[in-house]
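So the chains spell out like this:
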Amino acid sequence: MQNITSTAVAPVSSTISKPLQIAGTFLLGLVILYAAGFVNTSAVHNAAHDMRHSQGFPCH
Amino acid sequence: MLFRRLVLYALLVGAVAGLVLTAVQFWQVIPIIQSAEVYEGEVAPPIQGGADHDHAGHDHEHDANAWTPQDGLERTGYTLLSNVLTAAGLGLVLLAAMVTAARSSTTTRIDWRHGLLWGASGYAVFWLSPALGLPPEIPGAAAASLEARQLWWLFAVVCSAAGLAGFAFGKSPWRWASLVLIVIPHLVGAPHPEVAMFADKPPEAAAELEKLARQFYGATAVANAVFWLVLGLTSTWAVRRIVMSNAIHD
C-alpha cells in the first residue's frame, strides 16, 4: 500500500524533459523579442520607440 | 522545474541589464534622439512643380492620432519597460543557449571568462552584425521599407548566430568554415533607400542630422557594449547557480 502511494507522487517537473524545457525558454525569449522589437502596431511602436532606435531594431 | 528557474533568472538578469542600459542611454543616446526629433517635422520646400512631393523613403507612416507616451517621466518609463523586456527576452535566449552548452560540456567550471565570451558573442550577433549593414537610425532618416529591413536584420542575426555556434561547438576540423555564414548577409547587402538619408530636409538641417547620425552610431555602439557586458556576466552568474543546484541534467 505504501509503495503504491510513493510511486504515484512523481514530481511534475519530470514529466517534461529538460531539453524541451530549455527549448520552451528559448521560444518564450523569441516571442518577447518579437513583441518588443518587431510588432508594428502604432501604440507598441510608440512605447518602444527609443529602445528600438538605440538597440538597432529597424524602426518607422 | 528548470523552465521556471530559467524564466525567473532571465527576469532578474533582464531587470539588471535593462536598468543599466537605460542609465547609459540617458547619458548619451537619448539626447541625440531628442536633438534629431527637433528636425523630424522639417521638410525642405518642394522643388518647382513638386506638389505631389512624396516622403522620401517613408512608405510607412504611423497614425498621428495614435497613443504616444508624453515626453518626460512617461516616455522614460516606457523606454525603461521596453529595455527591461528586451533584456529579459535576450536573457531567456542567452540562458537557454548557455544551459544547452553546459549540458554537453565535460567540465562543470563556468566563470566570468565565459560571461565575457557569451556577452561578446551576443553583442556581435544582436548588435554588431545587423548594425554593420543597417546602422542604428536617428528619427527622421529616410530608410528602405520597414519589412525589408526587418527581414534583413533577422537574416543577419540568424546567420551570425549559426556561424558562431558552428565554430564554437562544431566537432569537425572544418568547423571554422561555418564562419562564412556570418559574411553572407553582408554580401547580399542590407536594403537601403534610393535617396540620401536626409534628402527631404533643408541643407543646414541635413548637415546637422548627418553629424547626429554619426554620433548616434558611436553612442549606441558603446551603450550596447555595456549592456552585453552586464547581460553576459549576470547570465553567467545565473547559469552557475542553476548548474550548482544540479537542475540541468535529466
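The model shown is predicted, which means the values in this text are computed figures rather than measured ones. (Residues numbered from 1 in each chain as written. Chains lettered and ligands numbered in written order. Predicted model: local features only at pLDDT ≥ 70, side-chain atom pairs only at ≥ 80, totals over all residues.)

**Here we look at the overall build of chain A**
Within chain A, the secondary structure is distributed over three helices and zero strands. Starting at the N terminus and walking to the C terminus, you meet the elements of chain A as α-α-α. Sorting the 60 residues of chain A into buried and exposed places 37% on the buried side. (Helix = DSSP H or I, 4+ residues; strand = E, 2+ residues; numbered from the N terminus. Buried ≥ 20, exposed ≤ 12 C-beta atoms within 10 Å, placed from the backbone.)

**Let's talk about the overall build of chain B**
Looking only at helices and strands, chain B has seven helices and zero strands in total. Traced from its N-terminal end to its C-terminal end, chain B shows the element sequence α-α-α-α-α-α-α. Expressed as lengths along the three principal axes of its C-alpha atoms, the size of chain B is roughly 70 × 45 × 25 Å. Going through the 250 residues of chain B one by one, you find that 40% of them count as buried.

**Digging into the environment of B:Gln150**
With respect to the helices and strands, B:Gln150 occurs in helix H5 (residues 146-169). Discounting chain neighbours no more than four positions away, the residues touching B:Gln150 are A:Phe38 and A:Pro58. (Contact = placed C-beta atoms within 7 Å.)

**What about the interface of chain B and chain A?**
Counting residues at the interface gives 50 residues for chain B and 34 residues for chain A. When contributions to the side of chain B that touches chain A are tallied by element, the ones reaching two or more residues are helix H1 (2-28), helix H2 (30-40), helix H3 (73-104), helix H4 (112-133), H5 and helix H7 (203-244) of chain B. No other element matches H3(B), which puts 15 residues into the side of chain B that touches chain A. When grouped by side-chain class, the residues that make up the side of chain B that touches chain A number 32 nonpolar, 14 polar and four charged. (Nonpolar A, V, L, I, M, F, W, Y, C, P; charged D, E, K, R; others polar.)

**A short note on the domain arrangement of chain B**
Bring the parts together and some accessible area is lost; that lost area is often taken as the interface size. Residues and elements named next belong to chain B. Domain annotation for chain B reports domain 1 (1-43 + 77-140 + 203-250) and domain 2 (144-192). Just the C-alpha atoms count here: the centres of domain 1 and domain 2 sit 19 Å apart. Facing 10 residues of domain 1, the contacting portion of domain 2 comprises 13 residues. When the residues that make up the side of domain 1 that touches domain 2 are grouped by side-chain class, the tally is seven nonpolar, three polar and no charged. (Domains from an automatic or database assignment.)

**Regarding the packing of H5(B) against helix H6 (residues 180-188) of chain B**
Residue and element names in this part refer to chain B. The contact between H5 and H6 brings their axes to 7 Å, and the two run at 165°. Looking at the two axes, H5 sits roughly antiparallel to H6. For H5 against H6, the interelement crossing comes out left-handed. Side by side, H5 and H6 meet where Trp152, Phe155, Ala156, Cys159, Ser160, Ala162 and Gly163 of the first sit next to Leu181, Ile182, Ile184 and Pro185 of the second. When the residues that make up the contact of H5 with H6 are grouped by side-chain class, the tally is nine nonpolar, two polar and no charged. (Axes fitted to C-alpha atoms, helices over the stretch in contact; angles between N-to-C directions. Parallel < 35°, antiparallel > 145°, perpendicular 65-115°, else oblique. Left-handed = near helix turned anticlockwise from the far one by under 90°.)

**Digging into H5(B)**
Residues and elements named next belong to chain B. Between its first and last C-alpha atoms H5 spans 34 Å; for 24 residues at 1.5 Å apiece the expected length is 34 Å, and the two agree. Taken together, the buried positions of H5 are Arg149, Trp152, Trp153, Ala156, Cys159, Ser160, Ala161, Gly163 and Leu164. Packing partners of the buried residues in H5 comprise H4 and H6. (Expected span 1.5 Å × (residues − 1).)

**Quick look at the nonpolar core**
Judged by nonpolar contacts, the single largest core of 73 residues is most densely connected at B:Leu6, B:Leu92, B:Leu95, B:Val99 and B:Leu231. Residue assignment for this core shows that the elements contributing at least two residues are helix H2 (18-37) and helix H3 (42-55) of chain A together with H1, H2, H3, H4, H5 and H7 of chain B. Per-element tally for this core: the top contributor is H3(B), with 14 residues. (Core = buried A, V, L, I, M, F, W, Y, C linked by C-beta atoms within 7 Å.)

**Notes on the confidence of the model for chain B**
Residues and elements named next belong to chain B. Per-residue confidence for chain B gives a mean pLDDT of 90; residues scoring 70 or more make up 92%. Segment residues 48-60 is flagged for pLDDT under 50; beyond a separation of four residues in sequence, or across chains, it makes 18 contacts in the model. Our summary of model confidence lists the complex with pTM equal to 0.88 and ipTM equal to 0.88. (pLDDT = per-residue confidence, 0-100.)

**Focus on the packing of H4(B) against H7(B)**
Residues and elements named next belong to chain B. The geometry of H4 relative to H7 is characterised by a closest axis approach of 7 Å and an angle of 135° between their N-to-C directions. Judged by the angle between their axes, H4 and H7 are oblique. Relative to H7, H4 is oriented so that their crossing is right-handed. Here H4 contributes Trp112, His114, Gly115, Leu116, Trp118, Gly119, Gly122, Tyr123 and Trp127 to the contact with H7, which in turn contributes Asn224, Ala225, Trp228, Leu229, Leu231, Gly232, Leu233, Ser235 and Thr236.

**Structural notes on the confidence of the model for chain A**
Of all residues in chain A, 77% have pLDDT values of 70 or greater, and the mean over the chain is 84. Predicted confidence in chain A is weakest over helix H1 (residues 2-8) of chain A, with a mean pLDDT of 49, and strongest over H2(A), with 97.

**As for the environment of A:Asp50**
Along the chain, A:Asp50 falls in helix H3. Note: C-alpha distance between A:Asp50 and A:Pro19 (31 residues apart in sequence) is 36 Å. Look past the residues within four positions of A:Asp50 in its chain and what remains in contact with it is B:Ile30, B:Ile33 and B:Thr79.

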